[in-house]
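# Descriptive structure summary
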Amino acid sequence: MPNNLFDHLKIRGLELRNRIVVSPMCQYSCEDGFATDWHLVHLGSRAVGRAGLVIAEASAVEARGRITPADLGIYKDEHVPMLARIAKFVKEQGAGAGIQLAHAGRKASCNVPWVKRGAQLPLEEGGWQPVAPSDTPFHPGDRESAALTIDEIHGLTEAFAAAAKRALAAGFQVVEIHGAHGYLIHEFLSPLANQRTDEYGGSFHNRIRFALDVSKAVRAVWPDDLPVFLRISASDWAEGGWDIDQSVELARCVKPIGIDLIDCSSGGMVPNAKIEVGPGYQVPFSKRIRYETGMLTGAVGMITEPDQADAIIREGDADVVLLAREFLRHPYWPLEAAAALGVKLGPPVQYERAFN
Ligand SMILES: Cc1cc2nc3c(=O)[nH]c(=O)nc-3n(C[C@H](O)[C@H](O)[C@H](O)COP(=O)(O)O)c2cc1C
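Per-chain numbering applies: the sequence of each chain, read as written, is numbered from 1 onward. Selection of residues for local features in this predicted model requires a pLDDT of at least 70, selection of side-chain atom pairs for listing and counting requires 80 or more, and totals for whole chains, interfaces and linings are taken over all residues. Hydrogen atoms and water are omitted, and side-chain values are computed over all heavy atoms in the structure.

## Here's the deal with a nonpolar patch on the surface
Together, Ile 275, Val 277 and Met 302 make up a nonpolar patch on the protein surface, roughly 220 Å² of accessible area in all. Under the DSSP-based scheme used, a helix requires at least four consecutive residues in state H or I and a strand at least two consecutive residues in state E, with every element numbered from the N terminus. Topologically, Met 302 is positioned in the loop between β12 (296-300) and α10 (306-314). With a relative accessible area of 33%, Met 302 lands in the partly exposed category. For patches, a residue must show more than 30% relative accessible area and have no salt bridge; joins then use 9 Å for like charges and 5 Å for nonpolar side chains, namely Val, Leu, Ile, Met, Phe, Trp and Tyr. Method for areas: the Shrake-Rupley scheme with a 1.4 Å probe, in which residue coverage is limited to the protein chains shown. Any carboxyl oxygen of Asp or Glu that lies within 4 Å of a side-chain nitrogen of Lys or Arg is treated as forming a salt bridge with it. Burial classification: accessible surface area is computed with a 1.4 Å probe over protein chains only, and a residue below 20% of its type maximum counts as buried, one above 50% as exposed, and the rest as partly exposed.

In structure tokens, the structure reads:
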């Protein structure tokens, strides 16, 4: 029996009310990693709008792992109370509450996008030395990264686990490990950023080692009845880079560790990658991983239309769809999509007069 967009999805002990997920989106609205009322309203409104799962943005597992000084953080216990307020509200609205655990690697220490998108922040303006598998910078001419030692790599694995414990303390039900978009975990995966000659570089199995370490460490502290997702860039869209075949293989390796869902994004590894962008352009990655590994998958990227989203689920190309920009334009997208698809979906009682 094919599923529909508005069918429930049970993953371990968590039941999502539909297959619509708010994709993690950095808001660059923090100081020292602390969430604010902005996050409560931003994430809370999408839960009010009837998303099945709301995933809070890339949350840095250490301060050096922030893309910008304004990123959300989950690197100290003091971050927990405000995150807990947000998770509580999201759950009260009937959505699942998720958070993405991240480290920006060589793409850390940038300006906020509305000042200068992707531009490295100089040390004298509050920037810092990024860390990465190897020292090559993302943009030629940028400050080099400090190549991580083996001890530091192990320390970062622990930082992901410590962050997961804080996410649990805050009441989140899903953690998503950010292994995409040219950030730290992806940098280990891709030969384009990983030139190491030790056990974390070179062969496929060495390059995936850090992703596996982090997956195991997070799974070890995350309850058995709650899901862990892994977001990957299924392709670097670049010669000699990470690709869909390696992604399928990685999915096979994380499945026995207890990763529940592969969230299939792409790109971000090199500037000027040749990406063929269009509606649903990353869906084929999700479809292949789902069929070849039997894992649950998420499709993301230019999914905007109710029919399109429903077809992705019905045709078995993904188990959930993640929407990012469309949710910024339409916080109540699930309610609008339900109306378009002829599905009866109750709005919050406070809003009933507008939707009936
Ligand atoms: C403002 C903004 C912030 C984003 N921040 C993140 C993030 O924190 N983590 C992540 O994995 N992707 C992030 N992304 C990527 C989105 O989650 C999504 O994968 C991408 O925008 C494609 O989906 P869309 O076409 O529905 O926007 C961000 C995208 C936008 C527009």
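## Considering the packing of helix α1 (residues 37-48) against helix α2 (residues 80-92)
The convention used is that axes are lines fitted to C-alpha atoms, helices contributing only their stretch in contact, and that angles between N-to-C directions extend from 0 to 180 degrees. Taken N-terminus to C-terminus, the directions of α1 and α2 make an angle of 15°; their axes are 9 Å apart at the nearest point. The angle between α1 and α2 places the two elements in the roughly parallel class. Once α1 is placed against α2, the crossing between them reads as right-handed. Note on element contacts: α2 touches α1 through Met 82, Arg 85, Ile 86, Phe 89 and Val 90, opposite Asp 37, His 39, Leu 40, Leu 43, Gly 44, Ala 47 and Val 48. Among the residues forming the contact of α1 with α2, the class breakdown is eight nonpolar, two polar and two charged. Orientation categories follow fixed angle ranges, with anything under 35 degrees roughly parallel, anything over 145 roughly antiparallel, 65 to 115 roughly perpendicular, and all other angles oblique. The hand of a helix crossing depends on one turn: near helix anticlockwise from the far one by less than a right angle means left-handed, and clockwise means right-handed. We call two residues in contact whenever any of their non-hydrogen atoms come within 4.5 Å of each other. Gly is put with the polar residues, along with every residue not named as nonpolar or charged; the nonpolar set is Ala, Val, Leu, Ile, Met, Phe, Trp, Tyr, Cys and Pro, and the charged set is Asp, Glu, Lys and Arg.

## A closer look at the side chain of Asp 317
Looking at the secondary structure, you find Asp 317 in the loop between α10 and β13 (320-323). For the buried Asp 317, which has no salt bridge, the nearest side chain bearing the opposite charge is Lys 287, at an N-O separation of 4.0 Å. Excluding anything up to four places from it in sequence, Asp 317 contacts Val 283, Ser 286, Lys 287, Arg 290, Thr 297 and Ile 312. For the charge count, each Lys or Arg is scored as positive and each Asp or Glu as negative, with His and the chain ends excluded.

## Brief notes about α10
Counting buried positions along α10 yields seven of nine residues, so the element is predominantly enclosed. Of the residues making up α10, those classed as buried are Pro 306, Gln 308, Ala 309, Asp 310, Ala 311, Ile 312 and Ile 313. Elements that come into contact with the buried residues of α10 comprise α9 (283-293), β12, β13 and α12 (333-341). Within two residues after α10, Gly 316 carries a phi angle of roughly 75°, on the positive side.

## Some remarks on the pattern of salt bridges
For the coordinates displayed, the defined rule picks out 16 salt bridges. Asp 260 is paired through a salt bridge with Arg 219; the nearest N and O atoms lie 2.9 Å apart. Of this pair, Asp 260 sits in the loop between α8 (244-254) and β11 (261-265) while Arg 219 sits in helix α7 (residues 209-221), and the two are 41 residues apart along the sequence. According to the relative accessible area criterion, Asp 260 is buried, its value standing at 13%. Measuring nitrogen to oxygen at the nearest pair gives 2.7 Å for the salt bridge that ties Asp 263 to Arg 231. A residue pair is termed long-range when its members are at least 10 positions apart, and Asp 263 in strand β11 and Arg 231 in strand β10 (residues 228-233) qualify at 32 residues. For the pair Asp 263 and Arg 231, one class covers both residues: buried. Salt bridges linked by common partners bring Arg 12, Arg 219 and Asp 260 together as one network.

## Some remarks on the environment of Gln 120
Mapping Gln 120 onto the fold places it in the loop between α3 (113-116) and β7 (131-132). A relative accessible area of 19% places Gln 120 in the buried class. For Gln 120 and His 139, which are 19 residues apart along the polypeptide, the C-alpha to C-alpha distance reads 9.1 Å. Residues contacting Gln 120, with those up to four places away along its chain left out, are Ser 109, Cys 110, Pro 130, Asp 142 and Arg 143. For the purposes of these results, a polar contact is taken to be a pair of N or O atoms within 3.5 Å, where, inside protein, one atom must be able to donate a hydrogen and its partner to accept one; residues adjacent in sequence count only when each atom of the pair is a side-chain atom. Engagement of the side chain of Gln 120 in a polar contact is seen with the backbone nitrogen of Arg 143, the distance being 2.8 Å.

## So, the site of the ligand
Each residue is tested against the molecule or strand, and it is near if at least one of its non-hydrogen atoms lies within 4 Å. Neighbouring the ligand are 16 residues, the closest being Ser 23, Cys 26, Gln 100, Met 302 and Arg 325. Between an oxygen atom of the ligand and a main-chain N or O atom of Pro 24, the distance comes to 2.9 Å. Interatomic distance of 3.1 Å between a backbone N/O atom of Ala 58 and an oxygen atom of the ligand. The protein chains hide 81% of the 610 Å² of surface that the ligand would expose on its own.

## Brief notes about the packing of α10 against α12
Two elements in contact, α10 and α12, have axes separated by 9 Å at closest approach and are oriented at 85°. On the basis of their axis angle, the class for α10 and α12 is roughly perpendicular. Taken together, the residues of α12 that come into contact with α10 (itself represented by Pro 306, Asp 307, Ala 309 and Asp 310) are Trp 333, Ala 337, Ala 340 and Leu 341. A per-class count over the contact of α10 with α12 returns six nonpolar, no polar and two charged.

## Comments concerning the packing of aromatic side chains
Each pair of aromatic rings taken from Phe, Tyr and Trp, with Trp reduced to its six-membered ring, is defined by centres within 6.5 Å and is described as stacked if the planes are under 30 degrees apart, edge-to-face if over 60, and tilted in the remaining cases. A complete count under the given rule lists seven aromatic pairs for this structure. Residues Trp 237 and Phe 285 carry aromatic rings whose centres are separated by 5.7 Å and whose planes lie at 70° to one another, so their mutual orientation is edge-to-face. Pair noted here: Trp 237 is in the loop between β10 and α8 and Phe 285 is in helix α9, with a separation of 48 residues, a long-range link. Owing to a relative accessible area of 19%, Trp 237 belongs among the buried residues under this scheme. Chaining the aromatic ring pairs together yields one cluster made of Phe 160, Phe 188, Tyr 200 and Phe 210. Over the ring of Trp 128 we find Arg 66; its NZ or CZ atom is 5.1 Å from the centre of that ring. Two conditions define a charge sitting above a ring: the NZ of Lys or the CZ of Arg must be within 6 Å of the ring centre, and it must be within 35 degrees of the ring normal. The ring centre of Phe 138 lies 4.5 Å from the NZ or CZ of Lys 107, which sits over that ring.

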